[in-house]
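Structural overview for review
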Amino acid sequence: MAKPVQIMETVLRDGHQSLCATRMHYSQMEPMLDSLDRIGYKALEAWGGATFDTCLRFLDEDPWERLDKLKAHLKTPIQMLLRGQNLLGYNHYSNDVVEKFVHMASKHGVGVFRIFDALNDVDNLKVAIKAALECPEKPEVQGCLVYTISPVHTNETFVELAKKLVDMGVHSVCIKDMSGLLKPYVAEDLVKKLKAAVDVPIELHTHCTSGFGSMTYMKAIEAGVDIIDCALSPFAMDTSQPCTETMVAALEGTEYDTGLDRQAMTPIAKHFLQVKKDLIKEFNLKGYFDVNPNVLDFQIPGGMLSNLTNQLKEMGMEDKFQDLLDEMPRVRKDVGYPPLVTPSSQIVGTMATMNVASGKRYAMVPNEFKDLARGKFGKTPVKVEAAFLKRIGVKDEDVITDCAVEDAKAETFDEFKAELIDKGFLNPTDEDVLSYALFPQVASEFFKKHYKTVTAYKR
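Running from N to C, helix α2 (residues 26-39) and helix α4 (residues 63-73) point in directions that differ by 25°, and their axes come no closer than 9 Å. By the angle between their directions, the pair α2 and α4 is classed as roughly parallel. By crossing handedness, the relation of α2 to α4 is classed as right-handed. Two secondary-structure elements touch here, α2 through Tyr26, Met29, Glu30, Leu33, Asp34 and Asp37 and α4 through Arg66, Lys69, Leu70 and His73. Per-class residue counts for the contact of α2 with α4 are four nonpolar, one polar and five charged.

Here it is in C-alpha cells:
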C-alpha cells in the first residue's frame, strides 16, 4: 500500500539561516520561485525565524514586502516559523500584538503557521494558535514539539505534549529537532507513539549537525511519518536539513515514493549554489560546517551555529569557540534544562559567551538570562534552584509563576503605534507598527533610511 512522503522545502528560510546566517536577498530567490512552485512541495518555508530581523537589519528589505512578493509567485503554501508569544522577537508580547501579527501574516500570504515555544510551555502557545485558527484565509496551523534531550525529557513526555496541542486545535504536529539530536531508532519509537496517540499528520524537522539527519528520516518514514523537511543540495547537510534530491532519490520506487521530479530540481540547485558562493563572499561567511557529534552535549541549533561563528569572529574570539561549546551544557543545566531554540538558545549562548570571555562564571549576568531563570519566558523543564537564583541576583519576590499575568502588562499595539508616531513617523501602517513592536531600534533605523523625512513619514 502506497504511503507517499511529502516534503517541505527549506531553501528559502532555514537552509540559508543554518549555513549562511539568513543573509539571502529576495532578489536571489526570485529567479527560481516559479520553478520551486512547480515541484509539488507540501510547503515552502520562506518567512519567520530570523528572516524578519535580518531583512530589516542587514538586507535593507521590508519583510512584509518580501512576503507579498513571494506570494505573488507562489501557489505552494508559504510556511513561516513563529515563536508563540515571542512572535519573531525576543520578548513576550501582549495578546493583541500577537493576534494582530498572526492575522496580518496570514493576510499577506502565510499558508502554514509552524508555532512553537522555546520551553514547550503550552500556555505560551494558546494565543498564537487561537489567532491562526481564526484567520479568514484558513491557514494550516501546526504545533511543535521542541525536541531536546535531558534527564527529564522522554518520548512519553513529547507524546503528552502532542496530545495537548491537538486538543488546542492544531491541524498537524511537527517534531522540531533544531539541533539534530534525534537518533534514528529514537525517532522510530517517537513517531510510532505519536501516530498511535494523535490523529493528525506528523512532520519531522531535523538538522545534520550530529550526522544523524538522513538516517533519522529513514527510520521515521518507516514508522509512518507523513512529512519531512529538506533543503536543496547547496543549502543542505552540515548544520542544515538533509538534502531534498537525496531523499527523493532514496525513496524512488518504494511505497514511500514522494512523486517529485528530482531532475527538475537540478537547475534550481545550480542557481542556489551560485547564490551560496555569492553570500559567502558578500558577508564573509564560513558557509560550510563539519559534522559534530558533540552537538549531543552542547545542543546549539543549526541556525544559531552559523551566526555564533560569525559573531565570535567579529569579536576576535574565534579561538574560544570550543570553550563556548563546552560551557553551553553547564549553563543549560544551571537554568533548568531549557530546549535550546530561539530565544532560549540565544540567552543561554550569550551567558556562556560572557562566562568564557571573562574567565569567571556569572561575573556579569544579562537581564534576559535572569528573566529566563525567574520564569518570565515560561516554566523551565526543571525548577531552577534557589541558590542559583540568588547567585545571579534574582530575588524571591521576582520569581514568576504565571506568564499570563506578565503578558497582560506588556505594551499594546496602540501603545506601540503612539510611540512610533511620537518619534515622528506619521501615519504608520499596521505592518510598520508590528515591525517596530518586534524590533524598535532596528525598525526605526530602517524607516529613517527609507523615507525622506521622518516627520512627514508616509507609505
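As a further point, take a negative patch on the surface. Together, Asp96, Glu99, Asp414, Glu415, Glu419 and Asp422 line one region of the surface with negative charge. Counting only elements with at least two residues in the negative patch, the list comes to α5 (95-108) and α19 (413-422). Ranked by residue count, the leading element in the negative patch is α19, at four residues. Looking at where glutamate 419 falls in the secondary structure, it is placed in helix α19. On the basis of relative accessibility, which here comes to 30%, the residue glutamate 419 falls in the partly exposed class.

The subject of this paragraph is the pairing of strand β8 (residues 227-230). A regular strand carries its side chains on alternate faces of the sheet. Side-chain alternation along β8 places Ile227 and Asp229 on one buried face and Ile228 and Cys230 on a second face that is also buried. Two strands pair when backbone bridges link them, and strand β1 (residues 6-9) and β8 are joined in this way by four bridges, in the parallel orientation. Across the sheet, residue glutamine 6 finds its bridge partner in β8, namely isoleucine 227. Relative to β8, strand β7 (residues 202-205) runs parallel, the two sharing two bridges. The residue bridging glutamate 203 from the neighbouring strand is isoleucine 227, located in β8. Traced from β7 through helix α9 (residues 213-223) to β8, the parallel crossover comes out right-handed.

Rules of the game
- Residues numbered from 1 in each chain as written.
- Predicted model: local features only at pLDDT ≥ 70, side-chain atom pairs only at ≥ 80, totals over all residues.
- Heavy atoms only, no water.
- Axes fitted to C-alpha atoms, helices over the stretch in contact; angles between N-to-C directions.
- Helix = DSSP H or I, 4+ residues; strand = E, 2+ residues; numbered from the N terminus.
- Parallel < 35°, antiparallel > 145°, perpendicular 65-115°, else oblique.
- Left-handed = near helix turned anticlockwise from the far one by under 90°.
- Contact = heavy atoms within 4.5 Å.
- Nonpolar A, V, L, I, M, F, W, Y, C, P; charged D, E, K, R; others polar.
- Patch = residues over 30% accessible without salt bridge, like charges linked within 9 Å, V, L, I, M, F, W, Y side chains within 5 Å.
- Areas by Shrake-Rupley, 256 points an atom, 1.4 Å probe, with all protein chains shown as cover.
- Salt bridge = Lys/Arg side-chain N within 4 Å of Asp/Glu carboxyl O.
- Lys, Arg positive; Asp, Glu negative; His and termini not counted.
- Charge placed at Lys NZ, Arg CZ, Asp CG, Glu CD.
- Buried < 20%, exposed > 50% of the residue type's maximum accessible area, 1.4 Å probe, protein only.
- Pairing = 2+ DSSP bridges.
- Right-handed = clockwise from strand over helix to strand, strands pointing away.

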